[in-house]
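Descriptive analysis of the structure
Now for the letters of each chain:
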Amino acid sequence: MTQPAKNSTTVIIGLLLFIIAVPSIIGIVLWHNSRTDAQSTLSNCNVRSGCILPGGAVIQFTPPADITKPFDISMRQVPASVKRISIHFTMRNMDLGFNRTDFKPQGQGVWNAHHAVLPVCIDERNDFLGDLTLDDQHYIIVFSAP
């Protein structure tokens, strides 16, 4: 391969990477910034017995024996108008990466999410935030893992 052809190939690959990376980074930043507009924060929520959200929906975790193990989450009394539910786990002042878990409707206002996993914190903290989204409504659930 001649030198000019090699340089043009490098330029084309660089442009393609730029075209893919910039929109991805912008999307991630916009998504992250949208997480701060929570309509309500439920502090000291007992996720094992269930937390009541404004509007009456109840979220409850099936606690794992070990926080590194997957667990199930259920919601009940969810309004029939809700089309999508997801939860993303973080900690205060710490980004634990993207770990969204989606719920599936079961009927009669019940939604379940199976095999949710709490991100592992190398500082051995157990104070989590659950960023719960019901369609366009955001709630922050403050809880401690076992």
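Report follows, based on the coordinates. This structure is a prediction, so every number in the text was calculated from the model and none was measured. (Residues numbered from 1 in each chain as written. Predicted model: local features only at pLDDT ≥ 70, side-chain atom pairs only at ≥ 80, totals over all residues. Heavy atoms only, no water.)

**Re the sheet that holds strand 5 (residues 85–90)**
Pairing is mixed in the open sheet, where five strands are placed in the order 1-10-9-5-6. Where the open sheet ends on each side, the last strands, each with one partner, are strand 1 (40–42) and strand 6 (101–102). (Pairing = 2+ DSSP bridges. Helix = DSSP H or I, 4+ residues; strand = E, 2+ residues; numbered from the N terminus.)

**Some remarks on the environment of T62**
Take T62: it is sitting in strand 3 (residues 58–62). A relative accessible area of 48% places T62 in the partly exposed class. For T62, the residues in contact, after removing those within four places along its chain, are F71 and D72. (Buried < 20%, exposed > 50% of the residue type's maximum accessible area, 1.4 Å probe, protein only. Contact = heavy atoms within 4.5 Å.)

**Looking at the nonpolar core**
Core analysis: the biggest nonpolar cluster contains 30 residues, and I59, I73, M75, F103 and L132 have the highest contact counts within it. Of all the secondary-structure elements, those providing two or more residues to this core are strand 3, strand 4 (71–76), strand 5, strand 8 (110–116), strand 9 (127–134) and strand 10 (137–144). Look past the residues within four positions of L132 in its chain and what remains in contact with it is L53, I59, M75, I85, S86, I87, F103, Q137, H138, Y139 and I141. (Core = buried A, V, L, I, M, F, W, Y, C linked by side-chain atoms within 4.5 Å.)

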